[in-house]
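# Residue-level structural notes
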Amino acid sequence: MSVQTKETFEVKGVIRKEYEMVINGVRVVSSNGETMAIYNPATNEVIATVPKATKEDAEKAVQAAREAFDHGKWRHFPVNKRSRIINKMAAIMRKRFHELVELEVLNTGKSLTTAQGQVMQAIEDFEFYAGAIVGHRGQVNNVPGAFLNYTRKEPVGVCAQIIPWNYPLMMAAWKVAPAIAAGCSIVLKPASLTPLTAIVLTEICQEAGVPNGVVNIVTGAGATVGDYLVEHEQVNKVAFTGSTEIGKNIMQKASSTLKRVTLELGGKSPNIVFQDADIESAVNGSLFGIFYNTGQSCEARSRLYVQEDIYDAFMEKFVERTKQLRLGNPMDQTTQVGSIISRSQLETIDAYVQSAKEEGATIVTGGCEVKIEGFEKGHWYAPTIITNVTHDMKVVQEEIFGPVVVVMPFKTEKEAIQLANDTQYGLGSAIWTTDQARATRVANQIEAGIVMVNCPFSAFPGTPFGGYKQSGFGRELCVETLDLYTEDKSILSYYGARPLNPLGV
């Protein structure tokens, strides 16, 4: 592990001390005046305050979205007009790129380069859906005789969108872009820890010309605001990204009104390195797969399986480069690993590592909290490699959500597939091999929504993102996502010359 503090990114001080919610186009505080402190996890310092929304605030947001959907213009705009406004949003985000990056780094503690990539993808998400909606249409179906049947894609209605803290702006884009492209109205509920860029995104919607009430944002506790939105009878759809445990709870609550539900949940993704892999690429890709975003990713490849013939050679390079990863000032262009989001999350990560020790595993490197010069009060954890694990250990089966990877050798292709699938999750997976036939065979047998072959990246705008098993259901980031925000209406008509008399009366 390497530590540095050199600063190369010009901090312009774009952050405001106070942020407001946006309901029906108006910036508002909470109905009771309460606020929440927002921290920079790299320093543990308060950087801003946001309203702590009440149920009354959530109700106002739902009613604003309902009114905008039922009686407003947005859903009736020609798709080309909606497309132009969404493209304008992307253009404004490009102009405010520096501001959005700075806010994301300050509010999450992630490294500058990580935030830059995520903000850029958020922009590209809006550009993608601005184009995708133009071609999203119904169809004419073959029916008998003098009948005509065609289908229409109509927006599903008011959507409650609940996003996590690990990718605040990008996850907001994944939710907001397809929903408004489809003509829906939304109430966005960002994570309590990281609401700042989502609030700014809502303001950008207004600036671009999205009508009042179409995009509303409430900031507050999930147990108060989130549950209220999920159970609200006038909310037609819930889209949630977060833990599997909370996802199950949301699904149960949403069932009382038969809401449409999309869940993108946890993962414990396998990363398989075969003996014929390009070791340099596999090592570098495996480092990215687990330590990118400080391991705080649902599709982090946190289970690493290496074929025994190359295990020693691979591990020598993998351990050495893990130790060289640079932790430090998140605003430094050369920082590779940022801070942990909170003290609570750091303690959770460490508890998993300690449990591995108690169960007989070996901590090869890391395995402890670290102090960074100039950021001593922040939450930092060393990139950690654990070996000598068995598949029944907590660190192998449960999602840690931090910079911790477990490594196991395997003998055969069949064994690798069995190990990879031995989990309740099924979100991401990776395969490293130069044998294309093997890559295809294994990819077809992995129980996961995403398979990365000789590639460290899990998604680009246009590629489906979502999981099998308890990693959730529904796909985001792709054209098919628009179907999750629309209803298919079938219209069947008769145009024959003779009147129909099916009962013969």
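In this report, the structure presented in the accompanying data block is examined. (Residues numbered from 1 in each chain as written. Predicted model: local features only at pLDDT ≥ 70, side-chain atom pairs only at ≥ 80, totals over all residues. Heavy atoms only, no water.)

### A look at the overall build of the protein
Each helix and strand counted, the protein has 15 helices and 24 strands in total. Here the C-alpha atoms of the protein give a radius of gyration of 24 Å, agreeing with the 23 Å that 2.2 N^0.38 yields for 505 residues. The principal-axis extent of the C-alpha atoms belonging to the protein is close to 80 × 55 × 40 Å. Looking at the protein as a whole, 56% of its 505 residues qualify as buried. For the protein, contacts bridging at least 24 residues in sequence account for 75% of all contacts bridging at least 6. When the accessible surface of the protein is summed, it comes to about 20300 Å², and 50% of that surface belongs to carbon and sulfur atoms. In the protein, 49 positive and 55 negative side-chain charges are present, and the distance between their average locations comes to 7 Å. (Helix = DSSP H or I, 4+ residues; strand = E, 2+ residues; numbered from the N terminus. Rg over C-alpha atoms; globule rule 2.2 N^0.38 Å. Buried < 20%, exposed > 50% of the residue type's maximum accessible area, 1.4 Å probe, protein only. Contact = heavy atoms within 4.5 Å. Areas by Shrake-Rupley, 256 points an atom, 1.4 Å probe, with all protein chains shown as cover. Lys, Arg positive; Asp, Glu negative; His and termini not counted. Charge placed at Lys NZ, Arg CZ, Asp CG, Glu CD.)

### Points about the pairing of strand 4 (residues 35–40)
Alternating residues of strand 4 divide into Met36, Ile38 and Asn40, all buried, and Thr35, Ala37 and Tyr39, none buried. Where strand 4 meets strand 5 (residues 45–51), six bridges bridge the pair, whose relative direction is antiparallel. Following the sheet pairing, Met36 is matched in strand 5 by Val50. The hairpin formed by strand 4 and strand 5 contains four residues between the paired strands, and Asn44 there has a positive phi angle of roughly 60°. (Pairing = 2+ DSSP bridges.)

### Thoughts on the sheet that holds strand 21 (residues 452–453)
The pairing of strands in a sheet happens through backbone hydrogen bonds and is either parallel or antiparallel. If you walk across this open sheet you meet the seven strands as 16-17-18-14-13-20-21, and the pairing is mixed. Edge positions in the sheet fall to strand 16 (362–365) and strand 21, since each of these pairs with one other strand and no more. Looking at chain direction, strand 14 (residues 303–307) and strand 18 (residues 404–410) are connected through five bridges and run parallel. In the sheet register, Gln307 faces strand 18, and the bridge partner there is Phe410. Against the sheet, helix 13 (residues 413–421) makes contact with strand 13 (270–273), strand 14 and strand 18, and its axis sits at roughly 175° relative to strand 14, the strand it touches most. Packing against the sheet, helix 14 (residues 436–445) makes contact with strand 13, strand 14, strand 20 (430–432) and strand 21, and its axis sits at approximately 160° to strand 20. (Axes fitted to C-alpha atoms, helices over the stretch in contact; angles between N-to-C directions.)

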